[in-house]
Amino acid sequence: MENINLDNRLNFAATKRNRDSIAAVLSHYISPNSLLLEIASGSGEHGVFFQKIFPSIIWQTSDPEQAHRNSINSWIKHEGLFSKMPEALDINVEKSPWPITKQIRSLIKGIVCINMIHISPWSCTKALFKHSKSNLDQNHFLMIYGPFIRKEVQTSASNLIFDQSLKFQNPLWGLRNLDEVNKLAFLNGFEQEKVYEMPANNLSVIYRLN
Ligand SMILES: C[S@@+](CC[C@H](N)C(=O)[O-])C[C@H]1O[C@@H](n2cnc3c(N)ncnc32)[C@H](O)[C@@H]1O
């Protein structure tokens, strides 16, 4: 902990734009003295923000990129949160098993994944549901935030352009169809509980484990 360098902090601009609206959704799903596991925490700016506004829980960050974990840990140190908030875990959703300790497993009540499923292959979305199921109990939740395609709602021009640019970077990336994600959820024992419309044509989708 002492060796963590403040200069490793990264800034992901979007986090400042979406953190308040995501926190407003999360506020409905906070159980005091529990732990929420964040998958794909990126810079860690969301993590420290949520930890500060939800002090009754433990916010456990994770990311498979070493540079991102360094940034997360630097943000935790910068915000003086190390007495409350654990260091970032090295979780790649596709690598089994996720490094979840018995202590985390006993406290966890939900998993939060912001802006990952469209910036990774579909196999990662499959792995996210599969491993979320094995690390959660009945009635626990999985929240996925990001842009989606919905058959009953016209996709915004900005999301269509975003989808094209993602596929240009990697043909396996791209906005996911919400119906397809819901099917995957169902196959893994989750049920779609609620969909929140978020700013900039994003959604927060809450799945509950049956
Ligand atoms: C667009 S960033 C989003 C970061 C952060 N959640 C945010 O909203 O600012 C995508 C993140 O997904 C992570 N990621 C990519 N593939 C992953 C995988 N297989 N398992 C877990 N995380 C992954 C990346 O390392 C990166 O931090």
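Everything below is about the structure shown above.
An account of the accompanying structure is given in this report. Predicted, not measured: the structure shown is a model, and the values here were computed from it.

### Let's talk about the site of the ligand
Inference 1: Among the 22 residues in the neighbourhood of the ligand, the closest are listed as A40, G42, V93, I114 and N115.
Inference 2: Its residues assigned to classes, the shell around the ligand shows 11 nonpolar, 8 polar and 3 charged.

### Overview of the sheet that holds strand β2 (residues 58–60)
Inference 1: Spatial ordering of the open sheet is given by β2-β1-β3-β4-β8-β7, a layout of 6 strands whose pairing is mixed. If you trace the sheet from one side to the other, it starts and ends with β2 and β7 (190–198), each paired once. Across the sheet, the axes of successive neighbouring strands diverge by a mean angle of 20 degrees, strand direction being ignored.
Inference 2: In terms of strand pairing, strand β1 (residues 35–39) meets strand β3 (residues 108–114) through 5 bridges, oriented parallel.

### Describing helix α1 (residues 14–26)
Inference 1: A rise of 1.5 Å per residue sets the reference length of α1, with its 13 residues, at 18 Å; its end C-alpha atoms lie 18 Å apart and thus fit the reference within 8%.
Inference 2: Approximately 35 degrees is the largest bend angle found in α1, and it occurs at D20.
Inference 3: Along α1, the positions that sit buried rather than exposed are T15, I22 and L26.
Inference 4: Where α1 is buried, its residues meet α2 (45–53), β3, β4 (141–146) and β8 (202–209).

### Brief notes about the nonpolar core
Inference 1: Core analysis: the largest hydrophobic core is formed by 45 residues, its most contacted members being I39 and C113.
Inference 2: The contacts of I39, once residues within four sequence positions are left out, are S62, I91, V93, I111, C113, M116 and L128.

### Description of the pairing of β1
As a general feature of sheets, a regular strand has side chains that alternate between the two faces.
Inference 1: For β1, the tally of buried residues reaches 4 of 5 residues, placing the bulk of the element in the interior.
Inference 2: At this point the chain moves from β1, through α2, to the parallel β2, and the crossover so formed is right-handed.

### Side note on α2
Inference 1: Residues E45, H46, G47, V48, F50 and Q51 constitute the buried set of α2.
Inference 2: Looking at the packing, one finds that the buried side of α2 touches α1, β1, β2, α3 (66–78) and β3.

### Overview of the pairing of β3
Inference 1: Burial of β3 is extensive: 6 of the 7 residues sit out of reach of the surface.
Inference 2: Examined bridge by bridge, β3 and β4 share 5 bridges and lie parallel to one another. Within β4, the position partnered with I111 by the bridge is L142.
Inference 3: Following the chain from β3 across helix α5 (residues 122–135) to the adjacent parallel β4, one finds a crossover that is right-handed.

### Some points on the environment of G44
Inference 1: As for its placement among the helices and strands, G44 is situated in the loop between β1 and α2.
Inference 2: In sequence terms G44 and S74 are 30 residues apart; their C-alpha atoms lie 8.6 Å from each other.
Inference 3: For G44, the residues in contact, after removing those within four places along its chain, are T61, S71, I72, W75, I76 and A88.

### Focus: the environment of V195
Inference 1: Topologically, V195 is positioned in strand β7.
Inference 2: Counting along the chain gives 10 residues from V195 to V205, while the straight-line C-alpha distance between them is 4.6 Å.
Inference 3: Sequence-distant contacts of V195, defined by excluding residues within four places in its chain, comprise L203 and V205.

### Structural notes on the packing of α1 against α2
For any two helices packed against each other, one specifies the crossing angle of their axes together with the interaxial distance.
Inference 1: At their nearest, the axes of α1 and α2 sit 10 Å apart, and the two run at 40 degrees to each other. Here α1 lies oblique to α2, going by the angle between them. Relative to α2, α1 is oriented so that their crossing is right-handed. Every residue of α2 that contacts α1 at T15, R19, A23 and L26 is listed here: E45, H46, F49, F50 and I53.
Inference 2: For the contact of α1 with α2, the residue count by class is 5 nonpolar, 2 polar and 2 charged.

The rules behind each value
Residues numbered from 1 in each chain as written. Predicted model: local features only at pLDDT ≥ 70, side-chain atom pairs only at ≥ 80, totals over all residues. Near = placed C-beta within 6 Å. Nonpolar A, V, L, I, M, F, W, Y, C, P; charged D, E, K, R; others polar. Pairing = 2+ DSSP bridges. Helix = DSSP H or I, 4+ residues; strand = E, 2+ residues; numbered from the N terminus. Axes fitted to C-alpha atoms, helices over the stretch in contact; angles between N-to-C directions. Expected span 1.5 Å × (residues − 1). Bend = angle between axes of the 7 residues up to and from the residue. Buried ≥ 20, exposed ≤ 12 C-beta atoms within 10 Å, placed from the backbone. Contact = placed C-beta atoms within 7 Å. Core = buried A, V, L, I, M, F, W, Y, C linked by C-beta atoms within 7 Å. Right-handed = clockwise from strand over helix to strand, strands pointing away. Parallel < 35°, antiparallel > 145°, perpendicular 65-115°, else oblique. Left-handed = near helix turned anticlockwise from the far one by under 90°.

This is a description of form; function is not addressed.
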